[in-house]
Amino acid sequence: MEDRIKYFLHVSFTILIVCYFGTVVSYTSSPSTVQTTAVPSSVPSTVVPSSVSMTVGPSSVPTTVGPSSVPSTVGPSSVPSTAGPSSVPTTVGPSSVLSSATTMKAFTSAANKSTSSMPSTMMSTLGSETCASLDYVYNVGNGAYYTWHVYNYNYAWHNMSFWGGHLQIPWKENLDDTCFYWIDSYFLTLSDKHKDIADIGEDILTSDACILNQNQTDNCILDVSVEMRKCNGHLLYRFPWNYSPTDDNDLNIYYNTYICFEREYTDTCESSEFVYTAGNMSGRFLNVSYGDTHFGWFDAHRDGKQYVLPSFEDVEDVFENCLPDYGYYYGSYFLKEGMPQDIGEDPVRLSLCNVYKNYYGNYDNYNEYEDDYYYDNNCHSYVYARKCQGKIQFDLPQYWGQFCFIHYNKVKVLPEIGHTEESRNDGTRIYSPFLQFRCSFEMAGTTAYRVNWYINGTLWMQTGPSSDANHLALKGEGLNELRLGYQVKCGVISIGTNVTSEIFSDDYYTGWKISDTSIKLSKNSYAIVEVEQTVPLGCVHTESGQEECEETLSLVDPNFDPDDTCKAGIRVLNADEQHLSYHKIKSLKLGEKWDANMKYRFRLSTIDHDYDDKLYFDMSLLVTKASGHTLQDTEIISTVQVTVTDSRLHWNKRCYSHNDPHMRTGDGRYYGHQIVGNYMMYRNKAYQSEVHEYTRYCWEGYNSGPVCACGVAVRSGADVFMINRCGNFTILDFLQCGDGGILEVEPIHGYRYKVTTPIGTIVIINLHSWGKTLDIDIYLSAKDFGNIDGLCGYFDGNRNNDFRHRDGSESAISNGYYYHEFTESWRLLDAENFLKNANRSLEHWDENNGGTAGHPCFKPDSITKNKCLVQRRKRREAAFRFETESTRHGFMTNAESKRERRSTGQDITEEEARALCNSSIYEAPAVREFSDKLADEDPKVVLTQCVYDIVHGNDTVWAEAHVNALNNIVASVISLNPVFAANNSESVKSFLSQTCLNNCSGHGECSETGLCTCEGIFRGPDCGIDLRIPPVIYDIQDGGMCDTANDDECNCFVIRTDNIFEGFTYEISTYELLFDGTRKQIGQSVNVGEYEDIFTGVCCAPEQRKKRSFDDSSDPSIMMFDVVISNDGNNFGQSKSVYVFDSSCIHFEHSGGIMTIVLKDGYCFIGGACVEQKSTLQTPSGCYLCEPKSIPYAWTHVSCGGDNVGLATSTLIAAITGSVFAGIILTAVIVYVRCFKGSKKRRTVEDIPSSQAYLSPGPARETWGQK
């Protein structure tokens, strides 16, 4: 009972709403037309009373029908989400036709009429309900195409007429299967065939009806009746059972009952009232966009060509041309069975399929999965078509989305390559190609035909009459002299008993079709240019056919200078074979067939350098190395104009780590980072790039207090460059060069380095001159936009999502300065940390990423060539060197000091710090002269940072550090604006002349480039280093242990220090380190070292070797070098030693400060080489055997008979090789000695007393030792 009360209250409320909002439809007795009253404009179009039934169809029309138990949409569910744009209105049909949700009066007599009083068979009743008395009805016809929800609460009439006929309820036996696909509910059908519309008048007819369940289509689950009549030519239905259901079960059924209409047309071809045209033509395609369809027949005949909906078998060929404007995943419509040939004036229903690319659910990111899809479809729709006056027309449903039509022509132009045969005097047969065209059409038996050939619309020649297709082809010398790019058309005339009219083909374009000759290319993305080859190419060849018949198709910038790669450009790749920049095209030999479906795709991306990059390019499409056809060696086919967009996404966008350290994200949010560790500062996964930051406590020996950045690693692809000051010495080198040097490293001066990635991201590394700390500034590129994360934040122009964690979660933005959860989420994992995994396996740079990787830009001062690309003079550059060095460095960079804390004598107050910072920052040249070039840096924020650093560090040096950081920002931004720099050269020079580091320490002048010109004996970026003070060698490559077992020639060695300069000298003292504990000096030399940077140099040994014969039984020894260096050639520092040995048989042990050398069991050490036990040697003087237990340092003479002789042949080569190799090792040792020079002020290295070194053979493994 309670449900009944709610039901009737709901009905009453709905009627009131409908009366106010609905469109009023009046039937008058005089005119035969239907008048409408529109809904007030103030009422939203989406407001539909929940009790009012809505028309339903494909799910491209969102509906809000009835209570929650009613399905919200009824339509194609196979299309993801919705089958059209989200802007599709909820109401259907224009206001000029009858609304689908209109009001009506409450008829008292009808309301009191009981359904039980209706006769059970079809009958006629007049009563008082004449057509003249009907004021309002619901219109259904113009809103529904083939499905409709019967759900309504009132005893109302519903108009089933639409613009060209009417909808009628199907007979139970004719119910369409498509209904079962769209609707998981109940269906209303007639128990008997529908009465002919011509026999229905104003009298009310009642017909028995049946409600079916989808799963029980054979039996009615409920018998009902339907009332019908015709008023003013319109077919009306009424559903008396739906007005007053008798129980809750019936109520549920009535609420969820639908009709799948039969669409009956009364409109004929004689009338053109409801015929319209729409759409845009492109080649053989006619696209009718969403919203261009109307009520009526769409005329698909245009410019003398008939367009039809494509068939399902055409999907692969035309799908890309038939995509809707609003997305890949909505697909397009195709006829299931194709267009019937016998279509006439009577409309026929055609099965329609919605076909779309299924990206396995990845619809939102389908660009990332562009090659990972399959064609999916549903074929549960239909459309009506007819032919009037020879032209096919379609009744297109509204709001279904975009329709694509295609023009089919049975007469076609087909290009071919033929060959002429020529015999030379030597009997060789030469086959030369020529281009011809065949007119393809259906030929009837022996009927003769004439073909007219047109080029660019002008009759070129006639062929025929003939019944042989070969005689009708277009060919000739004149044709082959034409430049490709013309239009060819053929017209066929039948020459039989009756001459037919000329039937034309479509124009056929000859040459190369380009998908788009005007490209908009975002700096942040890429573009695809597709080239279709429309004619084959032929190849001149001999009878043997051994000639390589292959051409190339390329898209190039004719203004590109391969010798000037340091400017903006367009990177072009073969989109299908990324290792190529061009496409290979096969030219045909005699008998070979042409693949007419070949399309060549080029992938375009920008090469970025600075903010003044060129934005407009005219690219040339070229075919080269033609083989005997009309093309020349190199021919420009077409020009493609490229306009670069999104060029300012990254302007003045940077993230940084300054001083102790203060951080800033790419979108400009500041925060603090006072945690010791190793962190992912920047990561661009899309472009395989990373920047790691290493932080430690700022002061030596401290385990608390301010934290500073002391190291950075920059990675792109398989290249890794590192500056690491966290350990005993500074490492400035490439850890990995897997991509051969795609990172450009340019020293601005000895303490400032610029690292540029292939995509134009710039990392500026500023080393503090007063300690082992550094600043990191990352100037973001356009390709970083939307692609980076890490401590730099998520760079997308939104500051509120910058604190995105590694797992994708975000830290809420607050007024705080520290976001430890965020920073900790970016602590480096061991697997990605180059300090712990220096040999981390890295993927090579993806060619699709483009950038400068193919054409690296190396400035004159670039150190990449020297450190990564070019093998230095006899320097060990094998992968082993990187492996061993980087592994050593990983263990040496954790607990060392950064800088010594300077004592001020007393604590600095906040007021004092603020006064100092205020004057320093606001008087800085950057703020005073170029505040507009500060890349949005806020001096107020810098002032706060400066005060914090001085108070907590109790050191005024921080003020200078912040001033330098500001000046460096302006200098970097100016360098990114070369046009501005050129137009304002005087002011730029004036600024730079005030920015030299530490004001050149009073020992030089600041030049107009911002670099110090040092005076006298002073050198360095700030002229703060006295050349007379000898530099200290902190480390020698491989820790001074040169192992020849690793194929190391031990010719040249890297030394690491703090302050060496171009022209430094080194002295090498060469020793034989004897196994009896003594050493003999055998050489000494002084040379000029190879300078790499202020921290790194290379020393190489002279080309001199001490040769030792295979039977040398003198005291065994290894080579040892002592190396010292000097900046002025007079004052040398302390020496470092290098040992050259073969780890196959020698190994070192350290104990109590004593290093001992051990000869391994199972080996002899003969002539400076390792010889394996039982190895034999046969010479003219006899046979010899390695017996380490008796004689470990010489060959043991044995009889040449027996087993020993058998071994001689197999071991002779090994022994001789070992002896020769020993001589090579000795020479390498001597070479290393040259790296150091003694002087009067040099500390003398004394020979080791024999009492401290000893070695004797045998299992006891006696050793020599050295303090």
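Treat the numbers as computed from the prediction; the structure is a model and nothing was measured.

A. Looking closely at the overall build of the chain. What the chain contains, in helices and strands, is 17 helices and 78 strands. Within the chain, contacts between residues at least 6 apart in sequence are counted, and of these 67% link residues at least 24 apart. When the accessible surface of the chain is summed, it comes to about 54200 Å², and 47% of that surface belongs to carbon and sulfur atoms.

B. Expanded view of the environment of Cys 549. On the secondary structure map, Cys 549 appears in the loop between strand 38 (541–542) and strand 39 (550–556). Judged by its relative accessible area of 8%, Cys 549 is buried. Residues Cys 549 and Leu 537, spaced 12 residues apart in sequence, show a C-alpha to C-alpha distance of 9.6 Å. When sequence neighbours within four positions are dropped, the list of residues in contact with Cys 549 reads Cys 539, Ile 585, Lys 586, Ser 587 and Lys 589.

C. Broad picture of the packing of helix 11 (residues 910–922) against helix 13 (residues 939–953). One can describe the packing of helix 11 onto helix 13 by two numbers: an axis separation of 9 Å at closest approach and a directional angle of 140°. Taken together, the axis directions place helix 11 and helix 13 in an arrangement best described as oblique. Our pair here, helix 11 against helix 13, has a crossing hand that is right-handed. Taking contact as the criterion, the partners of Glu 910, Ala 913, Arg 914, Leu 916, Cys 917, Asn 918, Ile 921 and Tyr 922 in helix 11 are, on helix 13, Pro 939, Lys 940, Val 942, Leu 943, Cys 946, Val 947, Ile 950 and Val 951. Looking at the contact of helix 11 with helix 13, its residues break down into 12 nonpolar, one polar and three charged.

D. Spotlight on the pairing of strand 10 (residues 165–168). Pairing analysis gives two bridges linking strand 9 (residues 161–162) to strand 10, with the strands arranged antiparallel. Within the sheet, the bridge partner assigned to Phe 162 lies in strand 10 and is Gly 165. Hairpin connection between strand 9 and strand 10: a loop of two residues separates the two successive antiparallel strands. Here strand 10 runs beside strand 16 (residues 262–265); their pairing, made up of four bridges, is antiparallel. Within the sheet, the bridge partner assigned to Gly 165 lies in strand 16 and is Tyr 265.

E. Molecular detail of the packing of helix 13 against helix 14 (residues 957–975). Running from amino to carboxyl end, helix 13 crosses helix 14 at an angle of 150°, the nearest separation of the two axes being 9 Å. Relative to helix 14, helix 13 is oriented roughly antiparallel. With respect to the hand of their crossing, helix 13 and helix 14 are arranged in right-handed fashion. Contacts between helix 13 and helix 14 pair Val 942, Gln 945, Cys 946, Asp 949, Ile 950 and Gly 953 from the former with Trp 958, Ala 959, His 962 and Leu 966 from the latter. For the contact of helix 13 with helix 14, the per-class residue count stands at six nonpolar, three polar and one charged.

F. Structural view of the sheet that holds strand 21 (residues 301–302). One open sheet accounts for five strands, arranged 18-19-27-22-21; its pairing is antiparallel. Of all strands in the sheet, those bounded by a partner on one side alone are strand 18 (280–282) and strand 21. When strand 18 meets strand 19 (residues 285–288), the two strands line up antiparallel, connected through three bridges. Residue Asn 280 lies in a different strand from strand 19, and its bridge partner there is Asn 287.

G. Spotlight on the side chain of Asp 395. For Asp 395, the location among the structural elements is in strand 26 (residues 391–395). By relative accessible area, Asp 395 is classed as buried at 2%. Those residues in contact with Asp 395 that lie beyond four places of it in its chain are Tyr 145, Trp 163, Arg 263, Tyr 265, Gly 296, Trp 297, Val 383 and Tyr 384.

H. Region of interest: the sheet that holds strand 9. Spatial strand order, 9-10-16: three strands in an open sheet with antiparallel pairing. Single-partner strands in this sheet number two, and they are strand 9 and strand 16.

I. Expanded view of helix 14. Helix length check: helix 14, at 19 residues, gives a terminal C-alpha distance of 27 Å against a target of 27 Å (1.5 Å per residue), a fit within 8%. By the criterion of burial, helix 14 is predominantly enclosed, with 16 of the 19 residues buried.

J. Examining unusual backbone geometry more closely. The omega torsion of the bond from Gly 464 to Pro 465 falls at 0°, within 30 degrees of zero and hence cis. Turning to its location among the elements, Pro 465 is positioned in strand 31 (residues 458–466).

K. Structural view of the environment of Thr 552. For Thr 552, the location among the structural elements is in strand 39. You can call Thr 552 buried: its relative accessible area is 16%. A C-alpha to C-alpha distance of 8.6 Å links Thr 552 and Lys 586, two positions 34 residues apart in sequence. Not counting the four nearest positions on each side in its chain, Thr 552 is found in contact with Tyr 582, His 583, Leu 622, Val 623 and Thr 624.

L. Main features of the nonpolar core. By size, the foremost hydrophobic cluster in this structure holds 62 residues, and its most contacted members are Ile 723 and Ile 778. Broken down by secondary-structure element, the contributors of at least two residues to this core are strand 48 (677–684), strand 49 (689–697), strand 50 (707–716), strand 51 (719–724), strand 52 (731–737), strand 54 (752–756), strand 55 (762–767) and strand 56 (774–779). In terms of residues, this core owes the most to one element, strand 50, which gives five residues. If sequence neighbours within four positions are ignored, Ile 723 has contacts with Cys 710, Gly 711, Val 712, Ile 731, Leu 732, Tyr 753, Ile 765, Leu 767 and Leu 774. Counting residues in each nonpolar core, the second largest holds 57 residues, with Phe 239, Val 288, Val 308 and Leu 396 among its members.

M. Focus on helix 16 (residues 985–992). Turning to helix 16, its buried residues number three or more, namely Val 988, Phe 991 and Leu 992. Around the axis of helix 16, the buried residues are gathered within 95° of arc, so they sit on the same side. Elements in contact with the buried residues of helix 16: helix 12 (925–929), helix 14, helix 15 (978–983) and strand 58 (1004–1006).

N. Spotlight on the side chain of Thr 463. Considering the arrangement of structural elements, one finds Thr 463 in strand 31. Classification of Thr 463 as buried rests on a relative accessible area of 5%. A distance of 3.3 Å separates a polar atom in the side chain of Thr 463 from a polar atom in the side chain of Trp 453. Those residues in contact with Thr 463, other than ones at most four positions away along the chain, are Tyr 449, Arg 450, Val 451, Trp 453, His 471, Leu 472 and Ala 473.

O. Examining the pairing of strand 24 (residues 348–358) more closely. Summarising burial for strand 24: eight of the 11 residues are buried, a large majority. In this sheet, strand 24 lies alongside strand 23 (residues 332–335) in antiparallel orientation, the contact comprising four bridges. Residue Tyr 333 lies in a different strand from strand 24, and its bridge partner there is Asn 354.

P. Molecular detail of the packing of aromatic side chains. Using the criterion set out here, one finds 33 aromatic pairs in the structure. Residues Phe 1141 and Phe 1148 carry aromatic rings whose centres are separated by 4.9 Å and whose planes lie at 90° to one another, so their mutual orientation is edge-to-face. Taken individually, Phe 1141 and Phe 1148 each receive the classification buried, so the pair is uniform in this respect. Counting every residue linked through ring pairs, the aromatic cluster contains Phe 162, Trp 163, Tyr 265, Phe 274, Trp 297, Tyr 382 and Tyr 384. The lysine or arginine in question, Arg 603, covers the ring of Tyr 526, its NZ or CZ lying 3.7 Å from the ring centre.

Q. The pattern of salt bridges, seen in detail. This structure, assessed with the given rule, holds 32 salt bridges. Among the salt bridges present, the one from Asp 267 reaches Arg 386, with a minimum N-O distance of 3.3 Å. Residue Asp 267 is located in the loop between strand 16 and strand 17 (275–276), and its partner Arg 386 is located in strand 25 (residues 374–388); the two are separated by 119 residues in the primary sequence. Overall, Arg 386 belongs to the buried group, its relative accessible area being 0%. As a salt-bridge pair, Asp 1026 and Arg 1028 come within 2.7 Å of each other at their nearest N and O atoms. One salt-bridge network, held together by shared partners, links Lys 523, Asp 608, Asp 613 and Lys 783.

R. Local environment of the confidence of the model for the chain. Averaged over every residue, the pLDDT of the chain is 78; residues scoring 70 or more account for 76%. When the elements of the chain are averaged for pLDDT, helix 2 (residues 108–112) gives the smallest value, 30, and strand 48 the largest, 97. The low-confidence segment residues 1–127, where pLDDT is below 50, has 256 contacts with residues more than four positions distant or belonging to other chains. Across residues 890–904, confidence stays below pLDDT 50; counting only partners more than four residues off in sequence or on other chains, it has 48 contacts.

About the thresholds
- Residues numbered from 1 in each chain as written.
- Predicted model: local features only at pLDDT ≥ 70, side-chain atom pairs only at ≥ 80, totals over all residues.
- Heavy atoms only, no water.
- Helix = DSSP H or I, 4+ residues; strand = E, 2+ residues; numbered from the N terminus.
- Contact = heavy atoms within 4.5 Å.
- Areas by Shrake-Rupley, 256 points an atom, 1.4 Å probe, with all protein chains shown as cover.
- Buried < 20%, exposed > 50% of the residue type's maximum accessible area, 1.4 Å probe, protein only.
- Axes fitted to C-alpha atoms, helices over the stretch in contact; angles between N-to-C directions.
- Parallel < 35°, antiparallel > 145°, perpendicular 65-115°, else oblique.
- Left-handed = near helix turned anticlockwise from the far one by under 90°.
- Nonpolar A, V, L, I, M, F, W, Y, C, P; charged D, E, K, R; others polar.
- Pairing = 2+ DSSP bridges.
- Expected span 1.5 Å × (residues − 1).
- Core = buried A, V, L, I, M, F, W, Y, C linked by side-chain atoms within 4.5 Å.
- Arc of directions from axis to C-beta.
- Polar contact = N/O pair within 3.5 Å; in protein donor to acceptor, adjacent residues only side chain to side chain.
- Phe/Tyr/Trp six-rings, centres within 6.5 Å; stacked < 30°, edge-to-face > 60°.
- Lys NZ or Arg CZ within 6 Å of the ring centre and 35° of its normal.
- Salt bridge = Lys/Arg side-chain N within 4 Å of Asp/Glu carboxyl O.
- pLDDT = per-residue confidence, 0-100.

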